[in-house]
Amino acid sequence: MDNSYLIRTKDLVKTYPVGQTKLYALNRVNLDFKPGEFAGLVGPSGSGKTTFLNIVGSLDSPSEGSVVVMGKKIEDLSHKQAAWLRNKNIGFIFQTFNLLPVYTVYENVEFPLLLLNLSPKERKEKVIKALEWVKLADRAKSKPAQLSGGEGQRVAVARAIVKEPSIILADEPTANLDAENSFNILDTMEELNHELNTTFIFATHDEKVIKYLRRKITLVDGKVAKDEVYEQKNSKGDN
Amino acid sequence: MIIPKLALRNLLGAGLRTWLNVVVLSLSFVLIIWLQGLYKGMGDQIKEAEIDVEYGGGQYWHESYDPYDPLTLEDAHGAVPDPIQNKIDKDEATPVLIAQATIYPEGRLQPILLKGIDPAQTVVNFPSQFLVQENGEIPALIGTRMAKSTGLKIGDMIIVRWRDAQGTFDARDIYIAQIMKTIVPAVDQGQIWIPLETMRELMGMQNEASLVVMAKDIEELPVVSGWNFKSLEFLLADIEYLIKTKKTGGSIMYMFLLLLAMLAIFNTQVLSIFRRKKEMGTMMAMGFTRGKIIQLFTLEGALHSVLAGIIAAIYGIPFLVWFAKKGWAMPEGYDDFGIALGEKLFPIYTAGLVFGTVMLILTVTTIVSFLPTRKIAKLKPTDALRGRLS
């Protein structure tokens, strides 16, 4: 196995039963991702972007083929092993932020650290650092309901990066944000990508996000239609 | 410690919904302890009174004596055996002779039990000292219930008719020397007490008795033929059964309240699981296993009972203490209930009662909280994130 790859999918197939037939959400997808990539899956709704992220994120399992993440075969992982992989190595950012409403910003960011057996002091240092990255240290005591959309998504970013995972999977992270907040978030994520060498994989059809990608993978009907790599960010959103 | 902290945080974060459940559950706590304490107090009060006034440390019954069969009373007497007489001589026992008799209050015939007891006895807390014979007339002692039903007053003379040991009818005038106020109806209703030796003489039953009451804490109990020792366990069995029946009846009320509280918690849990699927999906994405999420939601439900315990303690302890001191005044006519109830009932709260109630509510709440969470065991993370149940 080539260890230079963080994620490798081989003939990845994901099907869903629809009546007597099967719907192919992913059909023979072969992709590799190296550490530090800032990549995105683009394509229309139903092209398999979210399904791919779910499988790579060990939230779902492939129907056929193989997916190796951080040296672990997703299809062979037990429920507990998959949870451990997510806890240690993968951060998620969702379209709707998915912040826990009864917790403060600080507690939301601290949440992923609770299962990592860190001391309270270590947890505090990491949370403060994550909040400073996303420039929300002054909102630590606020509740999610008191935040703007942009702030909410920045908290979600801080929650995803607080444990400094190797991979961050972001599913339509700017879909609920205005242009200014979208750019702020993307700038933040790009900085983190440079600073921490974290691999970011987006699922998006937002042109604003596409402009930032250094690798753009176009999915159509569950198949890879294009896989383009740019030297620098695709600032023109050029296809 | 992560799960309990999160559970408490979530529970408090749910606001009014949590506090409504907690208040109803705390009422169950207080009501269970109060009612059970009341029955415990009533039971203890009745038993203490029965032991103090009537049963002593147990009774020897003549083999033919059956308090529930008045027709056998005629034969239910015999000479007190020496081993028991020794106890009587040492003031460790006192004999009672019982016979059927008839009185005629206000011209009407009324069957009664005529009972003879030693005026000098100290074995039971019974006002037999009023039966000391002073002027040749036969003094009699009756209770307030008997006085009320017959219209007799202190100083009244009344004819008593009986059949003696040979079956001969005889009658004498007796006078009411005292009317005693006792909470034990079994020594009052339908009974007239006269001095033991007088009764033995009238009945022709020298040195005989129907039963012998033993003093409390007498350890050496002789075995004698023709006489059966009846322990307190036996004598109080009816009362124990009565208390148990009343407890069961009373428990329906708090079980109903507990059921309401449990329904509210079950409903809250079902709603929580339905509404917080996205939250569960997010937790799973962050590395929580289904097992941990089940633990979290079960504990959230179970913590209702902990909060309810705290709330119940805040208002319940002052209430229960105040009630234990003040007691519950019995209503008019309480002494017609046929059991030894005092004018006031004082609840008794034991550590076992409080601990048992806490454990009962905690266990039931945990089970009720766990049941709806079983759905989580089948929940796929991807479905949860979409807000769907698998």
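The structure displayed is predicted, hence computed values, not measured ones. (Residues numbered from 1 in each chain as written. Chains lettered and ligands numbered in written order. Predicted model: local features only at pLDDT ≥ 70, side-chain atom pairs only at ≥ 80, totals over all residues.)

(A) Representation of the overall build of chain A in the model. Looking only at helices and strands, chain A features seven helices and 10 strands. In terms of overall size, chain A behaves like a compact globule, its C-alpha atoms giving a radius of gyration of 18 Å where 239 residues would be expected to give roughly 18 Å. At a minimum sequence separation of 6, the contacts of chain A that also span at least 24 residues come to 68%. (Helix = DSSP H or I, 4+ residues; strand = E, 2+ residues; numbered from the N terminus. Rg over C-alpha atoms; globule rule 2.2 N^0.38 Å. Contact = placed C-beta atoms within 7 Å.)

(B) Inspection of the overall build of chain B at higher detail. Each helix and strand in chain B was counted, giving 11 helices and 13 strands. For 390 residues, the compact-globule estimate of 2.2 N^0.38 gives 21 Å, and the C-alpha radius of gyration of chain B, at 31 Å, exceeds that figure by more than 25%. In terms of overall dimensions, chain B has a C-alpha envelope of 100 × 45 × 30 Å along the principal axes. Burial statistics for chain B: of 390 residues in total, 39% are counted as buried. Here the analysis covers contacts within chain B between residues at least 6 apart in sequence; of these, 80% occur between residues at least 24 apart. (Buried ≥ 20, exposed ≤ 12 C-beta atoms within 10 Å, placed from the backbone.)

(C) Looking closely at the sheet that holds strand S5 (residues 72–73) of chain A. Residues and elements named next belong to chain A. Spatial strand order, S2-S1-S4-S5: four strands in an open sheet with antiparallel pairing. Every other strand in the sheet has two partners, leaving strand S2 (21–33) and S5 as the edge strands with one partner each. Taken together, the nine bridges between strand S1 (residues 7–18) and S2 define a ladder with antiparallel strand orientation. Its bridge partner being in S2, Ile-7 is matched across the sheet by Phe-33. (Pairing = 2+ DSSP bridges.)

(D) Expanded view of the pairing of strand S3 (residues 93–103) of chain B. Residue and element names in this part refer to chain B. The buried count for S3 comes to nine of 11 residues, which makes it a mostly enclosed element. In terms of strand pairing, S3 meets strand S4 (residues 110–117) through eight bridges, oriented antiparallel. Looking at the pairing, Ala-101 lines up with Ile-112 of S4. Pairing geometry for S3 and strand S6 (residues 157–163), over three bridges, is antiparallel. The partner of Ile-103 across the bridge, within S6, is Val-160.

(E) Molecular detail of the interface of chain A and chain B. Contacts between chain A and chain B engage 19 residues on the former and 16 residues on the latter. Looking at which element gives the most residues to the side of chain A that touches chain B, the answer is helix H2 (residues 79–89) of chain A, with six residues. Of the residues in the side of chain A that touches chain B, the class split is 11 nonpolar, five polar and three charged. (Nonpolar A, V, L, I, M, F, W, Y, C, P; charged D, E, K, R; others polar.)

(F) Highlighting the sheet that holds strand S6 (residues 90–93) of chain A. Residues and elements named next belong to chain A. Here we have six strands laid out as an open sheet, ordered S6-S7-S8-S3-S9-S10, and mixed in their pairing. Two strands bound the open sheet, and with one partner strand each, they are S6 and strand S10 (223–229). The mean angle between the axes of side-by-side strands here comes to 15°, regardless of whether they run parallel or antiparallel. Pairing of strand S9 (residues 215–220) with S10 involves six bridges; the strand directions are antiparallel. Pairing of Leu-219 across the sheet is with Val-224, part of S10. (Axes fitted to C-alpha atoms, helices over the stretch in contact; angles between N-to-C directions.)

(G) Local environment of the packing of helix H7 (residues 237–275) of chain B against helix H10 (residues 351–373) of chain B. Residues and elements named next belong to chain B. Where H7 meets H10, the closest approach of the two axes is 9 Å, and the angle between their N-to-C directions is 30°. Judged by the inter-axis angle, H7 sits roughly parallel to H10. Here H7 and H10 pass one another in a crossing that is right-handed. Contact residues: Leu-258, Met-262, Ile-265, Phe-266, Gln-269, Val-270 and Ile-273 in H7; Val-364, Thr-365, Val-368, Ser-369, Leu-371, Pro-372 and Thr-373 in H10. (Parallel < 35°, antiparallel > 145°, perpendicular 65-115°, else oblique. Left-handed = near helix turned anticlockwise from the far one by under 90°.)

(H) Summary view of the pairing of strand S10 (residues 211–214) of chain B. Residue and element names in this part refer to chain B. Burial along S10 is two-sided: Leu-211 and Val-213 and Val-212 and Met-214, pointing in opposite directions, are all buried. In the sheet, strand S1 (residues 59–62) pairs with S10 via three bridges, with the strands oriented antiparallel. Looking across to S10, one finds that Tyr-60 is bridged to Val-212.

(I) A look at helix H5 (residues 149–161) of chain A. Residue and element names in this part refer to chain A. Given a rise of 1.5 Å per residue, 13 residues ought to cover 18 Å, and the 18 Å separating the end C-alpha atoms of H5 matches this to within 8%. Among the 13 residues of H5, 11 are classified as buried, and the element is accordingly described as predominantly covered. Those residues of H5 that fall on the buried side of the exposure criterion are Glu-151, Gly-152, Gln-153, Arg-154, Val-155, Ala-156, Val-157, Ala-158, Arg-159, Ala-160 and Ile-161. Packed against the buried residues of H5 are S6, helix H3 (105–110), helix H4 (120–133), strand S7 (167–171) and helix H6 (179–196). (Expected span 1.5 Å × (residues − 1).)

(J) Structural view of the confidence of the model for chain B. Per-residue confidence for chain B gives a mean pLDDT of 89; residues scoring 70 or more make up 97%. For this predicted complex, the interface score ipTM comes out at 0.89, alongside a pTM of 0.74. (pLDDT = per-residue confidence, 0-100.)

(K) Representation of the environment of B:Leu232 in the model. All names here are of chain B. If you trace the backbone, Leu-232 turns up in helix H6 (residues 232–235). Residue Leu-232 is classed as partly exposed on the basis of its C-beta count, with 17 C-beta atoms lying within 10 Å. Measuring from C-alpha to C-alpha, the distance between Leu-232 and Glu-279 comes to 62 Å, with 47 residues separating the pair along the chain. If we ignore the near neighbours within four places in the chain, the residues touching Leu-232 are Ile-51, Tyr-55 and Gly-58.

(L) View of the environment of B:Met284. As for its placement among the helices and strands, B:Met284 is situated in helix H8 (residues 277–285). Counting along the chain gives 71 residues from B:Met284 to B:Val213, while the straight-line C-alpha distance between them is 74 Å. Not counting the four nearest positions on each side in its chain, B:Met284 is found in contact with A:Ala83, B:Pro381 and B:Ala384.

(M) Geometry of helix H1 (residues 2–13) of chain B. All names here are of chain B. If you check H1, its first and last C-alpha atoms are 16 Å apart, about what 12 residues at 1.5 Å a residue would give, namely 16 Å. Leu-6, Ala-7, Asn-10 and Leu-11 are the residues of H1 that are buried. Buried residues of H1, seen end-on, are gathered within an arc of 130° and therefore sit on one face of the element. Buried residues in H1 make contact with helix H2 (16–55) and helix H9 (290–326). Note on H1: the residue one or two positions beyond its end, Gly-15, has a positive phi of about 65°. (Arc of directions from axis to C-beta.)

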